[in-house]
Every structure is written in structure tokens, then in C-alpha cells.
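Listed below, chain by chain, are the residues.
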Amino acid sequence: MEIWINPACSKCRSAISLLDAEGADYTVRRYLEDVPTEDEIRDVLDRLGLEPWDITRTQEAAAKELGVKEWARDASSRERWITALAEHPKLIQRPIITAQDGTAVVARTDEAVQDALSRKG
């Protein structure tokens, strides 16, 4: 189990606290420092069952600068979104937990963290 976090994010800290309280075995990835590659982002999207625009923080300054809200959300634009997430990791929604069963969740609530913990595989 791996959790992608920004330590400044309260939802990330909350997810870590819950994982610790449950005695979970996990690895922390500070994704702003250890930036995911485009392939890692594709893998996480597959595990989440989501598209890149589903995990993009469109209110971030970089998102506004890039104008992502105007970008098409279709198969032909998918790579453009993935490249933007790899080049601007602040745009990646957080925290993301990759579960033991090969899936992943965007763990912004305690319920989502519990869901990830229940996915033993």
C-alpha cells in the first residue's frame, strides 16, 4: 500500500493518522518531491478507474495558467492531461492510496481511507 501525499495538506495528514490508527503497513510518497512519471500516473488512473481530468485540481494556480478548464475531456486529449500532471504535480488530487488488491482510491474522506484498507486482494 502506498499513499501519495503533500505534507501541507490536512486531508493527507488525516489519512495518514487513520492508517496509523489502523496499524496499516504503507509507504509514503511525497509526490511533489518524488514526482510520478507519466507511466506511473497512467497506472494510478487505471487502478482508480478514472481519467486524468478526474484527479486534476483545477483551482490550482498552475491549472489556471495552463487553462485546463478549457481543455477537451476525451480520449484524444488524455495524454495532454497526463503530461500536465507529470509536469505540474501540484495539480494531482491528493491523497491517493494504492491498495493491496491492485486498485486505488482518492482518499479525501475517512470512509475512502477505510475503503482502501478493506481492499486486501
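No experiment lies behind these values; they were computed from the predicted model shown. Per chain, residues are indexed from 1 in the order of the written sequence. Restriction of local features to residues with pLDDT of at least 70 applies here, the model being predicted, together with a cutoff of 80 or more for giving and counting side-chain atom pairs; totals for whole chains, interfaces and linings are based on all residues. Side-chain numbers here rest on the full set of heavy atoms in the structure, without hydrogens or water.

### Brief notes about the packing of aromatic side chains
Under the convention used in this document: Note on aromatic contacts: the rings of Phe and Tyr and the six-membered ring of Trp form a pair at centre separations within 6.5 Å, being stacked when their planes are under 30 degrees apart, edge-to-face when over 60 apart, and tilted otherwise. Only DSSP runs of H or I reaching four residues or more are called helices, and only runs of E reaching two or more are called strands; each is numbered from the N terminus. Any residue under 20% of the maximum accessible area for its type is buried, any over 50% is exposed, and the rest in between are partly exposed; the area is computed with a 1.4 Å probe on protein chains only. Two conditions define a charge sitting above a ring: the NZ of Lys or the CZ of Arg must be within 6 Å of the ring centre, and it must be within 35 degrees of the ring normal.
Counted by the stated rule, this structure contains three aromatic pairs. Residues tryptophan 53 and tryptophan 81 carry aromatic rings whose centres are separated by 5.8 Å and whose planes lie at 70 degrees to one another, so their mutual orientation is edge-to-face. Pair noted here: tryptophan 53 is in the loop between helix H2 (38–48) and helix H3 (61–66) and tryptophan 81 is in helix H4 (residues 78–87), with a separation of 28 residues, a long-range link. Residues tryptophan 53 and tryptophan 81 agree in their burial class; the two are buried. If you follow arginine 80 out to its NZ or CZ, it ends over the ring of tryptophan 71, 3.9 Å from the centre.

### Quick notes on the state of the cysteines
Heads up, the condition is: By convention in this document, the label disulfide applies to cysteine sulfur atom pairs within 2.5 Å.
According to the stated counting rule, one finds zero disulfides in the structure shown. Here cysteine 9 is not cross-linked by a disulfide; its sulfur's nearest cysteine counterpart is in cysteine 12, at 3.3 Å.

### Structural notes on the confidence of the model for the protein chain
Selection criterion: Confidence per residue, as judged by the predictor, is encoded in pLDDT with a range of 0 to 100.
Across the protein chain, the average pLDDT comes to 96, with 99% of residues at 70 or higher. For the protein chain, per-element mean pLDDT is lowest for helix H5 (residues 110–118), which scores 94, and highest for H4, which scores 98.

### What about the sheet that holds strand E1 (residues 2–5)?
To be explicit about the condition: DSSP bridges decide pairing: two strands pair if at least two such bridges lie between them. Every axis in this analysis is a line fitted to C-alpha atoms, fitted for helices over the stretch in contact. Angles between the N-to-C directions lie between 0 and 180 degrees.
Strand order in this open sheet of four strands is E2-E1-E3-E4, and the pairing throughout is mixed. Across the chains shown, the open sheet's two edge strands, defined by having one partner strand only, are strand E2 (27–30) and strand E4 (104–106). Across the sheet, the axes of successive neighbouring strands diverge by a mean angle of 20 degrees, strand direction being ignored. Bridge analysis of strand E3 (residues 96–98) against E4 gives three bridges, and the strand direction is antiparallel. Bridge assignment links isoleucine 97 to a residue of E4, and that residue is valine 105.

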